[in-house]
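# Topology and contacts: notes
The lines below spell out each chain.
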Amino acid sequence: MPVALEPTSAPRTPRRRPAPRRTAGRKPVGRAHGLWPYALIAPAVGGMLYLLVYPLVRAVLISFQDFRLRQLISGDAEFVGLRNYRTLLTDPRFWEVVRRTFLFMAVNVVLIMVIATLVALMVERLRRAGRTVVLCSLVLAWAMPVVAATTVFQWLFHSEFGIVNRSLTSLGLASFERYPWFANGTAAFAILVTLIVWQSVPFAAITLYSGLTTVPPELYESARLDGAGAGRIFRSVTFPMLRPIFLLVFSLEVIWTFKAFVQIWVMTRGGPGDATTILPVYAVQTALSGQRYDLGSAASMITVVLMSGVLVLYFRQMFRQEDETR
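Residues numbered from 1 in each chain as written. Predicted model: local features only at pLDDT ≥ 70, side-chain atom pairs only at ≥ 80, totals over all residues. Heavy atoms only, no water.

### Examining the overall build of the protein
This is how the line gets drawn: Strands here are runs of E lasting at least two residues and helices are runs of H or I lasting at least four, both read from the DSSP assignment and numbered beginning at the N terminus. Throughout this description, buried means an accessible area under 20% of the type-specific maximum (1.4 Å probe, protein chains only), exposed means over 50%, and partly exposed covers the range between. It only takes one pair of heavy atoms within 4.5 Å for two residues to be counted as in contact. Residue exposure ignores everything except the shown protein chains as possible cover, and the areas themselves are Shrake-Rupley values with a 1.4 Å probe.
What the protein contains, in helices and strands, is 13 helices and 2 strands. Expressed as a percentage of the 326 residues in the protein, the buried residues total 34%. Across the protein, contacts joining residues at least 24 apart in sequence account for 67% of those joining residues at least 6 apart. In the form shown here, the protein has an accessible surface area of approximately 21300 Å², with 66% of it arising from carbon and sulfur atoms.

### Description of helix α8 (residues 185-212)
Put simply, the test is: Each residue after the first adds 1.5 Å to the expected span of a helix. In this analysis the local bend is the angle between axes fitted, respectively, to the seven residues ending at and the seven residues starting at the residue. N or O atoms closer than or at 3.5 Å make up a polar contact, with two conditions inside protein: a donor-capable atom paired with an acceptor-capable one, and, for residues adjacent in sequence, both atoms drawn from side chains.
Over its 28 residues, α8 extends 39 Å from the first C-alpha to the last, a length consistent with the 40 Å expected when each residue adds 1.5 Å. Along α8, the sharpest kink reaches roughly 35°, centred on Val-201 and followed within four residues by the proline Pro-202. Most of α8 sits inside the fold, with 21 of its 28 residues counted as buried. Regarding α8, its N-cap is Asn-184, as a side-chain oxygen of that residue lies 3.1 Å from the backbone nitrogen of Thr-186 further along.

### Section: the pattern of salt bridges
Put simply, the test is: Criterion for a salt bridge: a side-chain nitrogen of Lys or Arg within 4 Å of a carboxyl oxygen of Asp or Glu.
One pass over the structure, following the stated rule, counts 9 salt bridges. When the shortest N-O distance is used, the salt bridge between Arg-100 and Glu-96 registers 3.7 Å. Remark: Glu-96 and Arg-100 occur in helix α4 (residues 92-125); sequence separation between them is 4 residues, near one turn of the helix. Owing to a relative accessible area of 10%, Arg-100 belongs among the buried residues under this scheme. The exposure class assigned to Glu-96 is partly exposed, which follows from its relative accessible area of 33%. Note that Glu-160 and Arg-178 form a salt bridge whose closest N and O atoms lie 3.8 Å from each other. A residue pair is termed long-range when its members are at least 10 positions apart, and Glu-160 in the loop between α6 (146-156) and α7 (163-170) and Arg-178 in the loop between α7 and α8 qualify at 18 residues.

### With respect to the confidence of the model for the protein
Rules: A residue's pLDDT is simply how confident the predictor is in it, with values from 0 to 100.
Here the protein averages 84 in pLDDT, while 87% of its residues score no lower than 70. Under a pLDDT of 50 for its full length, residues 1-9 has, in the predicted model, 0 contacts with residues more than four places off or in other chains.

### Overview of the environment of Leu-212
Structurally, Leu-212 can be placed in helix α8. We classify Leu-212 as buried; its relative accessible area is 3%. Sequence separation between Leu-212 and Leu-242 is 30 residues; the distance between their C-alpha atoms is 7.2 Å. Beyond its immediate chain neighbours, meaning those up to four positions away, Leu-212 contacts Ala-120, Leu-121, Glu-124, Tyr-220, Thr-238 and Leu-242.

This is how it looks when you write it as C-alpha cells:
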C-alpha cells in the first residue's frame, strides 16, 4: 500500500534584522568627542609640566650659566659650559659633603627598613585591639608636620630646658647638665638620624604590614610543619613574597633621606661647621650665602644624578635576583 509522503517544507531564509533607526537627538561619535577626555586632563598635565618640568629645565640651564645676583635682576646670563661643574668637582669640601650624604642616607635607610620590618611583623601578630592602637599611633606620628616634629626635637634636646638633659641628670649623669647637643657634630648628626627615622618608620611599617596581609597562611603552616624557625620562615617565605614591596619602600626611603632638607635646615642649618651638611643643604648654602645660583643649580643636578644612579644600581640588582629565582 503506497505511503503518502508529507510535503517537505522549503528551507527558510534567515530574516535580516532591520537596521537600527537613528534617533533625532543622537549624533554619531566624532573626533571632537574622542578628544574630549584629553581636554579634561589637559589642565592637570599643564600644571604638572609647569610646576615640575619647567623648574627642572630652568635649573639645568642655570647650571651652565654665570648666574649671580646681577644676572638674577638683569636676566643677561652668559653661558659658561661646564665651568660650574668643574668648580664643584675640584672643591674638596664638595666631596666631603658627598661622602657625608651617602653616609647619612645609608644609616637612615638601614635603620628605617630594619625597624619598619620588625614593627610590621609585630603588628601582624597582635590581636585586633592592639593592632588598632599601634596602627593609629603610626598614622598620627606620620601625619605630624615636618617643621612641627623638628621643633619638638629641638626642645627635647635643648641644652637648658630639654627633657633629655633633665632625664639624664636625674639618673646621676651629671655631665649632661646643660649639655649642648647641637654644638657637637656627632650628637647633632645622631639627633637628625633619629628624627628622620622616627618620621619615616610609620609609612614603611604600614606599607610592609599591608603586604604581609596578602601572604597566604598556608605557606607559614607548611614551613612550620617542615620544622622551619622564625628566621628561616622570613627568609624563605615572607621576604620572597614581599620583595616587590620591599623594593618600592626602599626606593622611596632612599629618595626621602637623600633629599632631606627641611629637618636639617630648621634644626642645624648644616652645622656645627659642616657636620650635618648634605648635598641639598650644600646647594642652598652655596646659592644663598654668596649668591652663586649657578653653583647651587649645578650641585642640585649632581644630587639628582647621584640619587638616580643609586636607584638604578639597586633596581638592576633586584631584577637580576628575580631572574635567577625564576
